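Read off the chains here:
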Amino acid sequence: MTESRSHKTTANRIAKQFNTDYNNGDGVDIKSNGATIEVETPETVSDAPTQLRGHRGPAYIAGTNKEAVEKALEVTQGTTIGVMDNQGNIVKKSTRKR
């Protein structure tokens, strides 16, 4: 599947905030000392919890738009995974410990 422009833009923006690089290969999109972040479009949000499984520390799904954020909130209900918007603002805080 080809990467969407909104996915790449969001991933690069958030990676810069965390002083790290966006990984556009296999694995999670953003891995920093502070958090593990998977950037998702509305079509791919449901895959994110599986991709974040096994990672220690705070984990987040970052939605590329409002629809993706709303779907991420639904998918993460009752989990330790947090949600960010496309600007990197936390909408739901991750409850995973560092």
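Shown above is the structure to which this text applies.
Owing to the predicted nature of the structure, the values given are computational and were not obtained by experimental measurement.

Asker: In this structure, what is going on with the sheet that holds strand β1 (residues 30-31)? I would like to understand it.
Answerer: The strands that make up a sheet pair up through hydrogen bonds in the backbone, lying either parallel or antiparallel. Strand order in the open sheet formed by five strands is β1-β2-β3-β4-β5, with mixed pairing between adjacent strands. Where the open sheet ends on each side, the last strands, each with one partner, are β1 and β5 (90-92). One ladder, built from two bridges, connects strand β4 (residues 82-84) with β5; its direction is antiparallel. The partner of valine 83 across the bridge, within β5, is lysine 92. The strands touched by helix α3 (residues 66-75) are β2 (36-40), β3 (59-63), β4 and β5; relative to β4, the strand with the most contacts, the crossing angle is about 175 degrees.

Asker: Is there a simple way to explain unusual backbone geometry in this structure?
Answerer: Residues other than glycine seldom take positive phi values, yet asparagine 19 does so here, at roughly 55 degrees. For asparagine 19, the position within the fold is in the loop between α1 (5-17) and β1.

Asker: How do you make sense of the pairing of β2 when you look at a structure like this?
Answerer: Residues in a regular strand point their side chains to alternate faces of the sheet. In terms of burial, β2 is a largely internal element, five of the five residues being buried. Residue alternation in β2 divides its side chains into two sets, Thr36, Glu38 and Glu40 and Ile37 and Val39, and both sets are buried. Once β1 ends, the chain turns through four residues before running back antiparallel as β2. Pairing geometry for β2 and β3, over five bridges, is parallel. Bridging from a neighbouring strand, valine 39 pairs with alanine 62 of β3.

Asker: Before we go on, may I ask you to explain the pairing of β3 in this structure?
Answerer: Burial within β3 is extensive, with five of its five residues counted as buried. Covered by surrounding structure in β3 are Ala59, Ile61 and Gly63 together with Tyr60 and Ala62, the residues of both alternating faces. Judged from the three bridges that link them, β3 and β4 form a sheet pairing that is parallel. When the sheet's bridge partners are listed, alanine 62 is paired in β4 with methionine 84. This β-α-β element, β3 to α3 to β4, shows right-handed connectivity.

Asker: Whenever I open this one, α3 confuses me. Can you help?
Answerer: Owing to its 3.6 residues per turn, the α-helix aligns residues three or four sequence positions apart on the same side. Looking only at α3, the buried set comprises Ala68, Val69 and Ala72. Relative to the axis of α3, the buried residues are bounded by an arc of 100 degrees and lie together on one face. Of the exposed residues in α3, the ones pointing more than 90 degrees away from its buried face are Lys66 and Glu74. Those residues of α3 hidden inside the fold are in contact with β2, β3, β4 and β5.

What counts, and at which threshold
- Residues numbered from 1 in each chain as written.
- Predicted model: local features only at pLDDT ≥ 70, side-chain atom pairs only at ≥ 80, totals over all residues.
- Heavy atoms only, no water.
- Pairing = 2+ DSSP bridges.
- Helix = DSSP H or I, 4+ residues; strand = E, 2+ residues; numbered from the N terminus.
- Contact = heavy atoms within 4.5 Å.
- Axes fitted to C-alpha atoms, helices over the stretch in contact; angles between N-to-C directions.
- Buried < 20%, exposed > 50% of the residue type's maximum accessible area, 1.4 Å probe, protein only.
- Right-handed = clockwise from strand over helix to strand, strands pointing away.
- Arc of directions from axis to C-beta.

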